[in-house]
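# Examining the three-dimensional arrangement
Read off the chains here:
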Amino acid sequence: MTQPDVTVVTAVYNTMPDLTTCLTSLVEQTIGLDRLEVVAVDDGSTDGSAEELDRFAARYPGTVKVLHQPNSGGPAAPSNRGLEQATGRYVFFIGSDDHLGPEALERMVAAADRWGSDVLLGRLVGVNKRYVHQAVFATTQPDVDLFASALPFALSNTKLFRRELVEKYGLRFPEDMPVGSDQPFTLEACLRAGRISVLADYDYYYAVKRANSSNITYRSTHVARLGCAERIVAFVAAHIEPGERRDAVLLRHFTWEIAKLVQADFLKLDRTTQERVRTGVGRLVTEHLTERIRRALPVTTRVRLGVAAYGSLADLVAVIRQDVRHGLPQPVLRDDGWFARYPGFGDGRCGLSDDWYEITVSMSKWLARLETMAVRWTVDGTGERVVRITARGPHPDLAVMADGGVAVSAGRTAGTVESIEADPLGATVTMSFRARDLLAGVKPGGERRVVSVTVTRGGDAASTPVRGPYPSMVQRSVHREDGRLHVITSSTNRKGDLVLVVFPVTLRRMMTGLRRRLPIGGKKQS
């Protein structure tokens, strides 16, 4: 039997019926069964997942291998057992409730061979509102620097790894980490890799959030997650010298794993657990949070982490309760800078200097900065045809700080803000524009309309164009209004802003389009 090009390893524990979708997406890959090996490790499933794995193994005996073992309490052990069985030139890890795009493996293997990549990322997209950090997938890049890119915010193991690299350095998942065990594995692979590459030209991986949130990450306790955060930070400190490179990686952990320990659900913990978590977070802050990292944190995260380290439990509870009950506190203008008036600001009670509370010099404009993540045409709840835009901003506080509201427009056309969802890394804004509104009163020659966001804070309003995707992802849709056809196109202009271009379809435009597609003589050559 010839060596497969890629081995896909999946750790399985009670993921039906998503498991069926996952396995089907693997055996139907365009790379072909003869170039593919699937190693699935059942970690003591009780919901029929074990039987489903055996069914696929019987149907695809030359491709799907199944191992069964008692439950280990996390994905690390089954991932290691699967890795030990892998024979492919590359190995790829997939969550058993996720699935791949049909061409994913063929495209990734071809790119890794072409570029000599040791680690390769294909664009991930979230399903069922699962959040996936997208910055690293902005462009296709043959060579990505771990420390000068958004790669530290994408340290899951859902990547293509050259197996020769994995075995050369004996890379394995730490089996005593129930949560986050893929991060030390992935980070060391990236540190050892001669080349890391990114593919952003296709939806390679669909990360699914299950409706019952039964993933171990969602079920884990604060204490367990604190222990894993401590292990991850210790791993980073042991493998990367102090300085800008280490800070680039630790910034991710302070804005994500560590920040999530002091969110609203902290208030629901018993006092003993609260104190244990506060002490652990405080120790991480005092030992590893540098001035460079501190300046890069959003104000909400910065204050909570600072108070955990230098204040008391009562101080931390007061700060979190402020956000939960009242939203971000009223900003204070002092020395030409804006500061969040959290409990303890200005009196030194929490041991924090004023710069821990600093927001920005231009509140509204600061809040209105968004970058486009997706544009698509769809139908709203009333049956109206709309263009729906998803954009990201770096400020989790957007909704509460914009006390006068958030509005969107495309030129003179007003849109609708459908939702603003916050997470530790920022806020996701979903907006839409009705096709009929975009077509209303359009000039005969068509119009280009810049999409903008207006944020009002404390009576002060500021508008900022939404940054378009780069490279530009052109989306077109044809609409009929008053008996005339129009085309609405979304793209990125020369300034980098998202624009909606509206123009009528005339006979002249149709003939011009045909001439571009047909050679001289009028017949398209085959």
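### So, the overall build of the chain
A count of helical and extended segments in the chain gives 17 helices and 23 strands. Relative to the 2.2 N^0.38 estimate, which gives 24 Å for 526 residues, the radius of gyration of the chain is 26 Å and therefore close to what a compact globule would have. Considering the chain as a whole, with its 526 residues, one finds that 53% of them fall into the buried category. Of the roughly 24,000 Å² of accessible surface on the chain, a fraction of 49% belongs to carbon and sulfur atoms. Of the side chains in the chain, 68 bear a positive and 60 a negative charge, and the two mean positions are spaced by 8 Å.

### Considering unusual backbone geometry
Put simply, M16 and P17 share a cis peptide bond, and its omega is 0°. Residue position: P17 is located in the loop between strand 1 (6-12) and helix 1 (18-27). Phi at N14 takes a positive value of approximately 50°, unusual for a residue other than glycine. With respect to the helices and strands, the residue N14 is situated in the loop between strand 1 and helix 1.

### Some thoughts on helix 3 (residues 76-85)
With respect to burial, helix 3 is a largely interior element, 7 of its 10 residues being buried. The set of residues buried in helix 3 consists of A76, A77, P78, S79, N80, G82 and L83. In this structure, the buried side of helix 3 is in contact with strand 1, strand 2 (36-43), strand 3 (64-69), strand 4 (90-93), helix 5 (163-168) and helix 6 (182-192).

### Structural notes on the side chain of E257
Here E257 shows up in helix 9 (residues 244-258). In this structure the side chain of E257 is engaged in a polar contact, spanning 2.6 Å, whose partner is the side chain of Q183. Side-chain polar atoms of E257 contact the side chain of R252, separated by 2.7 Å. Every residue in contact with E257, bar those within four places of it in the chain, is listed here: Q183, A229 and R252.

### Here's the deal with the pattern of salt bridges
Per the counting criterion, the structure on display carries 32 salt bridges. The partner of R55 in a salt bridge is E52, and the shortest N-O contact between them spans 2.9 Å. A residue pair is termed a helical-turn pair when its members lie 3 or 4 positions apart in one helix, as R55 and E52 do in helix 2 (residues 49-59) at 3 residues. With a relative accessible area of 41%, R55 lands in the partly exposed category. Close ionic contact of R283 with E230 constitutes a salt bridge, the shortest N to O distance being 3.0 Å. Of the two residues, R283 is situated in helix 10 (residues 271-288) and E230 in helix 8 (residues 222-239); the sequence distance between them amounts to 53 residues. Since its relative accessible area comes to 25%, E230 is described here as partly exposed. Members of the salt-bridge network, linked through shared partners, are D5, R35, R89 and D113.

### Considerations on the sheet that holds strand 18 (residues 426-434)
Read from one edge of the open sheet, 4 strands run 13-14-18-17, paired in antiparallel fashion. What marks the edges here is a single partner per strand, and that holds for strand 13 (371-379) and strand 17 (416-423). Each neighbouring strand pair of the sheet contributes to a mean axis angle of 15°, computed without reference to strand direction. Where strand 14 (residues 385-393) and strand 18 come together, 8 bridges link them in antiparallel fashion. Directly across from T390, in strand 18, lies its bridge partner T430.

### Some words on the pairing of strand 14
In terms of burial, strand 14 is largely enclosed, as 7 of its 9 residues are buried. The antiparallel pairing of strand 13 with strand 14 creates a hairpin that spans 5 residues between the two strands, and G383 there sits at a positive phi of about 90°.

### Re the side chain of T255
Within the secondary structure layout, T255 lies in helix 9. On the basis of relative accessible area, T255 is assigned to the buried category, the value being 5%. Here the side chain of T255 touches L251 through a polar contact of 2.8 Å, landing on its backbone oxygen. At 3.1 Å, the side chain of T255 and the backbone oxygen of R252 are in polar contact. Residues contacting T255, with those up to four places away along its chain left out, are F153, L297, P424 and L425.

### Structural notes on the pairing of strand 15 (residues 406-410)
Of all 5 residues in strand 15, 4 are buried, a share of seventy percent or more. Alignment of strand 15 against strand 19 (residues 447-457), held across 5 bridges, turns out to be antiparallel. Note on strand 19: the bridge partner recorded for S409 is S452. Relative to strand 16 (residues 413-414), strand 15 runs antiparallel, the two sharing 2 bridges. Counterpart to S409 in the pairing with strand 16 is A414. Between the end of strand 15 and the start of strand 16, which pair antiparallel, lie 2 residues, with G411 showing a positive phi angle near 65°.

### Examining the packing of helix 8 against helix 10
Two elements in contact, helix 8 and helix 10, have axes whose closest approach is 10 Å; the angle formed by their N-to-C orientations is 15°. The orientation of helix 8 relative to helix 10 falls into the category roughly parallel. Judged by the sense of rotation from one axis to the other, the crossing of helix 8 with helix 10 is left-handed. On helix 10, the residues that touch H222, V223, L226, E230, V233 and A237 of helix 8 are T273, R276, V277, G280, V281, R283, L284 and H288. Here the contact of helix 8 with helix 10 is composed, by residue class, of 7 nonpolar, 4 polar and 3 charged.

### Quick word on the nonpolar core
Counting 137 residues, the largest nonpolar core has F92, F254, M431 and F433 as the members making the most contacts within it. Per element, the largest residue contribution to this core is 7 residues, and it comes from helix 4 (residues 104-115). The residues contacting F92, other than those within four sequence positions of it, are V6, T7, V8, V9, L100, L105, M108, T158, K159, L160 and Y205.

Cut-off values and rules
Residues numbered from 1 in each chain as written. Predicted model: local features only at pLDDT ≥ 70, side-chain atom pairs only at ≥ 80, totals over all residues. Heavy atoms only, no water. Helix = DSSP H or I, 4+ residues; strand = E, 2+ residues; numbered from the N terminus. Rg over C-alpha atoms; globule rule 2.2 N^0.38 Å. Buried < 20%, exposed > 50% of the residue type's maximum accessible area, 1.4 Å probe, protein only. Areas by Shrake-Rupley, 256 points an atom, 1.4 Å probe, with all protein chains shown as cover. Lys, Arg positive; Asp, Glu negative; His and termini not counted. Charge placed at Lys NZ, Arg CZ, Asp CG, Glu CD. Contact = heavy atoms within 4.5 Å. Polar contact = N/O pair within 3.5 Å; in protein donor to acceptor, adjacent residues only side chain to side chain. Salt bridge = Lys/Arg side-chain N within 4 Å of Asp/Glu carboxyl O. Pairing = 2+ DSSP bridges. Axes fitted to C-alpha atoms, helices over the stretch in contact; angles between N-to-C directions. Parallel < 35°, antiparallel > 145°, perpendicular 65-115°, else oblique. Left-handed = near helix turned anticlockwise from the far one by under 90°. Nonpolar A, V, L, I, M, F, W, Y, C, P; charged D, E, K, R; others polar. Core = buried A, V, L, I, M, F, W, Y, C linked by side-chain atoms within 4.5 Å.

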